[in-house]
Structure formats: C-alpha cells, structure tokens
Amino acid sequence: GQVETGRIGGQIAVEQMLRSGTISPADVPQVVQSMGERAGSRANLDIIQVRNTASDAASAVEIDPMAFLAPGMAMLFLMYTVSLGGRSILNERREGTLARMLSTPTRGSQVLTGKTFGIYFVGVAQMMILIVASSLLFRLDWGDPLAVFALVLSIVAGAAGWGLLLAAVAKTPSQVSSVGMAMALLFGLIGGSFFGGTLTGPLSTLGKLTPNAWGQDGFAMLARGDSLVDLLPVIAALWVMGLVLVA
C-alpha cells in the first residue's frame, strides 16, 4: 500500500511540474530518480520474512470424522427407541395389562419406575453395543472408557425423559409413533446429529433443549482427549434434563 501510494503521488507530482513548466520533459528521468531516492530514505518499512515450518507428525492430533458422525447417528436412533418405550406404556394401558398390574399391591409409582428403567436400560444397551461394535469394526477411538460410559448413562437419561413425556401427553400408541419419529428427526436436526456437530446462532441455544446437542458436545470433548472431569457440566445438564422430564 505504501509503495503504491508513493508511485501514484510521484506520477501526479511529475505531471503537475510538467504542466506548470517547472521542469522540461528531458528532466523527467532525473527528477523521478531523485524523488525515489528521497522516498526510500524516509520509508520505514518492516521487512516481511516468510518462514516455512514443518509440523511434527508424531505430535499432531488426528481426529477421525467417524468420531463425530457415529455419536450423532447413535443419538438419532436412541430418540426413536425411547419413543417406542413410551409407546409400550400406552399399549399396556389399551390392552388392559397396566390395569391388571395396578390391581395388585404394586403401587403406580413402582410400575412407572419399572417401565422407566426398562426404557433406560434398553437405550444404554443400544448405545453401548454401537460403541463396542464401532470400536472393533472401524477401530474408532471413543476416548476415556470411563468417561464414555458415564456420558452414555447421562445421554440415555435425558432421552428417556423425553420418551416418558411423550407417553404422558399422547393419547394413543399411534400418536407416540408419529410424534416420536418427528421428535427424533427434529432433535437430530437442531441437536446436530446429522452434521456431526452442534449448530451456531439461535439454533444452538434451541438445541440445548435436546439430549443430542449435549451428547454431541460431550463426544466432541472426548475426541479432543478431555477427561471425565471436563465432562461434568455436560453430564449434569443431561441428568437435570432427564429428572425434570420424568417428574
């Protein structure tokens, strides 16, 4: 920029001197040379040095794209699984199984707790099977095993809460199926399950209502090498979500 400014300024100055008759056309080369020397003596330009550096391949952290895509797909199918779990409660009510269970000394809270744990453990088994299978088949490193297990327990807790809420507000099992599929797709969209990462802007804030977004953040942290302690805020948020929805 400074060089271009000096060039244009010198050109205009020479043209003005020629028009005013201060110099003759024969004097132009000498004047231009003199102006260039004075400009060079006044300039205080920092020299830009280009340095080529080679990164240490041994210390570089390589992140497998599957480490982001696989968790997203796992949580997408998890939401569908927990909605089917909520549907089973309505099926038992329609078929009379629930009424027969409540006619026994078993309390309603105990029946609901049993159904909740059933949905919960199916979700945990589903995610753990996917994690183990992807580790064996695709050599996918999910991170610290203890942190992965704690995160899975937390994600399923948040997802199971949404499944039970769906069972509480739906009227028929068919409603649970249709709304549950829509919920799974919507949560996968705003929670980042389809993209292997959370969204930005207002959708990012909206995505925090879904277990998908929190789970995606947690698995991204594990892919970067974070520990269980680093995951505590994510784990706490998922458990709060699940407990509030179950209540």
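Residues numbered from 1 in each chain as written. Predicted model: local features only at pLDDT ≥ 70, side-chain atom pairs only at ≥ 80, totals over all residues. Heavy atoms only, no water.

Q: Tell me what's going on with the side chain of Ser134, and back it up with residues and numbers.
A: Mapped onto the elements, Ser134 comes out in helix α5 (residues 108-137). Apart from residues lying up to four places away in sequence, Ser134 is in contact with Arg139, Leu140 and Trp142. (Helix = DSSP H or I, 4+ residues; strand = E, 2+ residues; numbered from the N terminus. Contact = heavy atoms within 4.5 Å.)

Q: Could you give me a rundown of the nonpolar core, with the residues and numbers involved?
A: In this structure, Met79, Met127, Ile155 and Phe219 are the most contacted members of the largest nonpolar core, which totals 42 residues. Those elements that place two or more of their residues in this core are α3 (66-95), α5, α6 (145-169), α7 (173-190), α9 (211-223) and α10 (228-246). For this core, the element with the most residues is α6, which contributes 13 residues. Not counting residues within four places of it along the chain, the set of residues in contact with Met127 comprises Ala74, Met75, Leu78, Val152, Ile155, Val156 and Phe219. (Core = buried A, V, L, I, M, F, W, Y, C linked by side-chain atoms within 4.5 Å. Buried < 20%, exposed > 50% of the residue type's maximum accessible area, 1.4 Å probe, protein only.)

Q: Lay out the packing of aromatic side chains with the relevant residues and their values.
A: Summed over all chains, the structure comprises 5 aromatic pairs. Aromatic side chains Trp142 and Phe219 sit 5.3 Å apart centroid to centroid with 70 degrees between the ring planes, which places their arrangement in the edge-to-face category. With a gap of 77 residues between them, Trp142 in the loop between α5 and α6 and Phe219 in helix α9 connect regions that are remote in the sequence. Here Trp142 and Phe219 have matching classes, each one buried. Both rings, one in Trp162 and one in Phe187, keep their centres 5.0 Å apart while their planes meet at 80 degrees; by these two values the pair is edge-to-face. (Phe/Tyr/Trp six-rings, centres within 6.5 Å; stacked < 30°, edge-to-face > 60°.)

Q: Summarise α10; cite the residues concerned and give the values.
A: An ideal rise of 1.5 Å per residue puts 27 Å on 19 residues; α10 measures up with 25 Å between its terminal C-alpha atoms. A bend of about 35 degrees at Val234 is the largest found in α10. Of the surrounding secondary structure, the elements contacted by the buried residues of α10 are α6 and α9. (Expected span 1.5 Å × (residues − 1). Bend = angle between axes of the 7 residues up to and from the residue.)

Q: How would you sum up the packing of α9 against α10? Please name residues and give values.
A: At a closest axis distance of 10 Å, the pairing of α9 and α10 adopts a crossing angle of 160 degrees. Between α9 and α10, the angle falls in the class roughly antiparallel. The handedness of the crossing between α9 and α10 comes out as left-handed. In contact with Pro211, Trp214, Gly218, Met221 and Leu222 of α9, α10 contributes Asp230, Leu231, Val234, Ala237, Leu238 and Met241. In terms of residue class, the contact of α9 with α10 is made up of 9 nonpolar, 1 polar and 1 charged. (Axes fitted to C-alpha atoms, helices over the stretch in contact; angles between N-to-C directions. Parallel < 35°, antiparallel > 145°, perpendicular 65-115°, else oblique. Left-handed = near helix turned anticlockwise from the far one by under 90°. Nonpolar A, V, L, I, M, F, W, Y, C, P; charged D, E, K, R; others polar.)

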